Amino acid sequence: MLRAFVQIVSLAGFNSFLLAHIGNVHCEGPDAEKSTGVAPVAEPKKVCHAEHTVEDEYSLHMPLDLKCDACRIVAYVLTEGFKNVSEKAKARSKTKQRRTFAEHQILEFVENTCSHKGYFKKYGLVVVNKTRRLSGRGLETYRNTGVWTGGLWPMRLSSMCTQYTGELGEWEVFHAWENGQYLEDFICRNEEMPHICPPLSQLLTAN
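Residues numbered from 1 in each chain as written. Predicted model: local features only at pLDDT ≥ 70, side-chain atom pairs only at ≥ 80, totals over all residues. Heavy atoms only, no water.

As recorded by an unreviewed UniProt entry, the chain carries the name DUF3456 domain-containing protein and is attributed to Batillaria attramentaria.

Written as structure tokens, this is what we have:
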């Protein structure tokens, strides 16, 4: 009996851990609660939103279930940044040809991009099909409503940007983009990195 009690307590603790680190989703509307037996005149639309966890509110680390979205955001922001700086350099060039950048210039540019939290300030948390997702430019969830922005999300994204470009190398990331490689694959599906994101085909099928 004592062993059974310990197992129950352990399971309860594990469930609490999951809720604290992965988060819960709360829905309101049809199927969200038991039916009252009275048919509504107009069936309301079910609305789901994420219940903010302690980790969401205070931790500087990106929640595990959102790391793929976060990495894809980083790849998008860097891609747009490389495009802009290359176009501006080409516009200033007398020959209108692509300018060759020095390594220290790219290093400084990437560091400034990652540390500039303004690039990430419009990203936030949203629920899609009862699943917590990040929302913003570069993701298919960009047009979703009910996004929780602000808080520590910009800082978390900035930190991930610095971490991943530092591990892969700022110069190497730029060269990958310059050579036409899809940065989302290079950063988020790189063999040298943990498997942050599933294959793109699997990701699109899931959505």
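(A) Spotlight on the sheet that holds strand β4 (residues 131-135). Sheet architecture is open: three strands sit in the order β4-β3-β5, paired in antiparallel fashion. With one partner strand each, in any of the chains shown, β4 and β5 (148-149) form the two edges of the open sheet. Pairing between strand β3 (residues 124-128) and β4: five bridges, direction antiparallel. Pairing of G124 across the sheet is with S135, part of β4. (Pairing = 2+ DSSP bridges. Helix = DSSP H or I, 4+ residues; strand = E, 2+ residues; numbered from the N terminus.)

(B) Looking closely at the packing of helix α3 (residues 67-92) against helix α4 (residues 103-115). Between α3 and α4, the least distance of the axes is 11 Å, while the angle of their chain directions is 130°. Classed by the angle they form, the pair α3 and α4 counts as oblique. When you trace α3 past α4, the crossing you get is right-handed. Together, V77, L78, G81, F82 and V85 of α3 and F109, V110 and T113 of α4 make up the contact between the two elements. A class-by-class count of the residues in the contact of α3 with α4 yields six nonpolar, two polar and no charged. (Axes fitted to C-alpha atoms, helices over the stretch in contact; angles between N-to-C directions. Parallel < 35°, antiparallel > 145°, perpendicular 65-115°, else oblique. Left-handed = near helix turned anticlockwise from the far one by under 90°. Contact = heavy atoms within 4.5 Å. Nonpolar A, V, L, I, M, F, W, Y, C, P; charged D, E, K, R; others polar.)

(C) Broad picture of a positive patch on the surface. Taken together, the side chains of K121, K122, R137 and R143 present a region of like positive charge at the surface. Position of R137 among the secondary structure elements: in the loop between β4 and β5. (Patch = residues over 30% accessible without salt bridge, like charges linked within 9 Å, V, L, I, M, F, W, Y side chains within 5 Å. Areas by Shrake-Rupley, 256 points an atom, 1.4 Å probe, with all protein chains shown as cover. Salt bridge = Lys/Arg side-chain N within 4 Å of Asp/Glu carboxyl O. Lys, Arg positive; Asp, Glu negative; His and termini not counted. Charge placed at Lys NZ, Arg CZ, Asp CG, Glu CD.)

(D) Structural view of the environment of E111. Mapped onto the fold, E111 is located in helix α4. Expressed as a C-alpha distance, the spacing of E111 and S158, which sit 47 residues apart in the sequence, is 9.8 Å.

(E) Up close: the state of the cysteines. By the definition in use, this model includes three disulfides. Residue C68 pairs covalently with C197 via a disulfide, S to S 2.1 Å. Torsion about the S-S bond of the C68 and C197 cystine: about 115°, corresponding to right-handed handedness. Separated by 129 residues along the polypeptide, C68 in helix α3 and C197 in the loop between α7 (183-188) and α8 (200-206) bring together distant segments of the chain. With respect to class, C68 is no different from C197; both count as buried. (Disulfide = S-S within 2.5 Å. Buried < 20%, exposed > 50% of the residue type's maximum accessible area, 1.4 Å probe, protein only.)

(F) Just the pairing of β4, in detail. Burial analysis of β4 places four of its five residues in the buried class, which makes it a mostly covered element. Linking β3 to β4, which pair antiparallel, is a turn of two residues; within it N129 sits at a positive phi near 50°.

(G) Broad picture of the side chain of S86. Within the secondary structure layout, S86 lies in helix α3. A distance of 2.9 Å separates the side chain of S86 from the backbone oxygen of F82, its partner in a polar contact. Setting aside chain neighbours within four positions, we find S86 in contact with F101 and W177. (Polar contact = N/O pair within 3.5 Å; in protein donor to acceptor, adjacent residues only side chain to side chain.)

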